[in-house]
Amino acid sequence: MTEEIIIAGFGGQGVLSMGKILAYSGVMQNKEVSWMPSYGPEMRGGTANVTVIISDERISSPILNSFDTAIILNQQSLDKFEKAVKPGGLLIYDPNGITRTPARKDINIYSIAAADEAGKLGLSKIFNMIVLGGFLKLKPLVAPEYIHKGLEKSLPARHHKLIPDNEKAINIGKDLIEAVQVLN
Amino acid sequence: MGELRLMKGNEAVAEAAIRAGCDGYFGYPITPQSEVMEYLMAERPHERTGMVVLQAESEVAAINMLYGGAGTGKMVMTSSSSPGISLMQEGLSYMAGAELPAVVVNIVRGGPGLGTIQPSQADYFQAVKGGGHGDYKLIVLAPASVQEMCDHTKLGFDLAFKYRNPVMILSDGAIGQMMEKVVLFDPIPRRSNEELIKQNPWAATGKQKNREHIIITSLDLDPAGQERVNLKLQAKYREIEKNEVMYETLGCEDAEYVFVAFGLSARICQKSMDLARAKGIKVGLFRPITLFPFPVKPIHNLGKKVKGMLVVEMNAGQMIEDVRLSVGCNIKIEHYGRFGGIIPTPDEVVLALETQIIGG
């Protein structure tokens, strides 16, 4: 099993930390992982993205040009990465701020209104965990107990009190995600 | 098994230095390697092991602090990225001349000049062929994973002291910034002063009544004396070439073609290898782990078995010169590279193999 994932959005949306929690959970479940961020000028105020690979085997290239799954949190990232999903692959997006919805018919498309939901619940900081929950519903790569360990390892000790909220958000995401049919 | 962590390459270097029993780190911040010193400052190793971490006023100062520390037999290290490493070249030449052990980490970024902050391998020549003045060699290690960033830091100190020679870890911005699973080795206690003096009788550790002065220098105004220094250095380099070559091969047993690549490029080529083999192309991968000493003989022998080699580097063609010198026969050896911080994709490497080597 190898899952190649791109997570992309605005800087500050928690893209990198979502990837880190996913990767660390994979480590705790004894998977091979790599986490390769975009870094540099584009992080300062623009888009941020991270490539996460989780595998049972030694990982070759940490840098990829096509993905099994794209998790997309803004329009620029949708424009850039929709075409990079492998045929038969998965695209998850948050419709908040999206004006041109995905159009490919050879991939599976799901939407998750995580930003709206997080706003309603007053939990805007764990918006990214709602999205992660949606992804894990569709691709349960790591078991919940390892997600818990991954959260413990990736969050500094002073934030460990937030772990229950994070786990709650993951469960909310599992209920929230829905399939999207691309119409002609 | 050691402690399991998810870490950036830069952080793994820093943690490995603490665990290896390093006495002092001296550096100056530069992207994409600033996490090395950030991690060290946050970890406060002075409280864990007594290791000193100091931000110098410049890279020139940092490398000369290394000279001083190494001269007293201490286990010292610095890290920087391309422009900063250029500033250190004079110091590295002096350290090689004075036969001083140290580990210098170069997290390479795109050049020339101030260049970019994105990953590159364009400092191969500088690391392997000298960089500073005079006939000298650094031992050069090329990690291709976060695990190797950790392991090579410890190996670097071992080799530096074994041969009394500076060791360079030649990595790049991607391996520095990416996170992977690392199994950390158990901490090794820092040497006591008594152990240090016993293990390093050459070091300037204070005048003892029962021995002559120890002078650490790279200066000998008598050319005959300086020739003797050079002959001694060259004999040491031949010894290193004999003993320390490291490389990895993947899928070379039945290969008709091979990718030759180090560091991040080798990781990309591993993916390209899978893609090409799915198309029925029998291609393998040869990855030099030590760039000096270069794996001359293994590449020469591989050259007798295959039809062609594609040398993939994030530069305009540097290691290819050593590959061609090693093979020394009439098979096709071409280069594929991207520059200035652009990373080649696995697909474009396969295309290069098909057009430049197989169909070329």
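Everything that follows concerns the structure shown earlier in this document.
Residues numbered from 1 in each chain as written. Chains lettered and ligands numbered in written order. Predicted model: local features only at pLDDT ≥ 70, side-chain atom pairs only at ≥ 80, totals over all residues. Heavy atoms only, no water.

### Observations concerning helix 6 (residues 163–176) of chain A
With 14 residues, helix 6 of chain A should reach 20 Å at 1.5 Å per residue; the first-to-last C-alpha distance of 20 Å fits that figure. The secondary structure elements touched by the buried residues of helix 6 of chain A are helix 3 (114–121), helix 4 (127–138) and helix 5 (144–154) of chain A. (Helix = DSSP H or I, 4+ residues; strand = E, 2+ residues; numbered from the N terminus. Expected span 1.5 Å × (residues − 1). Contact = heavy atoms within 4.5 Å.)

### Quick word on the interface of chain A and chain B
Every contact between the two is made by 26 residues of chain A and, on the other side, 28 residues of chain B. Carbon and sulfur atoms make up 58% of the area that chain A and chain B hide from each other, which totals about 2300 Å². Counting the contacts that link chain A with chain B gives 3 salt bridges. A:Glu32 is the salt-bridge partner of B:Lys181, the closest N and O atoms lying 3.2 Å from each other. Along the contact surface separating chain A from chain B lie 11 residue pairs in polar contact (both at pLDDT 80 or more). Those elements that provide at least two residues to the side of chain A that touches chain B are helix 1 (15–28) and strand 2 (32–37) of chain A. (Buried area = accessible area lost by both parts, 1.4 Å probe. Salt bridge = Lys/Arg side-chain N within 4 Å of Asp/Glu carboxyl O. Polar contact = N/O pair within 3.5 Å; in protein donor to acceptor, adjacent residues only side chain to side chain.)

### Quick look at the pattern of salt bridges
Note on pairing: side chains with opposite charge can pair once their charged atoms come close. Applying the stated criterion across every chain, the model contains 34 salt bridges over all chains. Note that A:Lys31 is salt-bridged to A:Asp56, the shortest N-O span being 3.0 Å. Taken together, the residues span a long stretch of sequence, with A:Lys31 in the loop between helix 1 and strand 2 and A:Asp56 in the loop between strand 3 (47–55) and strand 4 (67–72) at a distance of 25 residues. Between B:Arg338 and B:Glu348 there is a salt bridge, with the nearest N and O atoms lying 2.9 Å from each other. Residue B:Arg338 is found in the loop between strand 14 (332–337) and helix 15 (346–358), and its partner B:Glu348 is found in helix 15; the two are separated by 10 residues along the sequence. Through salt bridges that share partners, B:Glu3, B:Arg5, B:Glu15, B:Arg19, B:Glu43 and B:Arg48 make up one connected network.

### Some points on helix 1 of chain A
Residues and elements named next belong to chain A. The first and last C-alpha atoms of helix 1 sit 20 Å apart over 14 residues, in line with the 20 Å expected at 1.5 Å per residue. With 10 of 14 residues buried, helix 1 is to be regarded as a mostly interior element. Where helix 1 is concerned, the buried positions are Val15, Met18, Gly19, Ile21, Leu22, Ala23, Tyr24, Ser25, Gly26 and Val27. Following helix 1 by one or two positions, Asn30 has its phi on the positive side, about 65°. (Buried < 20%, exposed > 50% of the residue type's maximum accessible area, 1.4 Å probe, protein only.)

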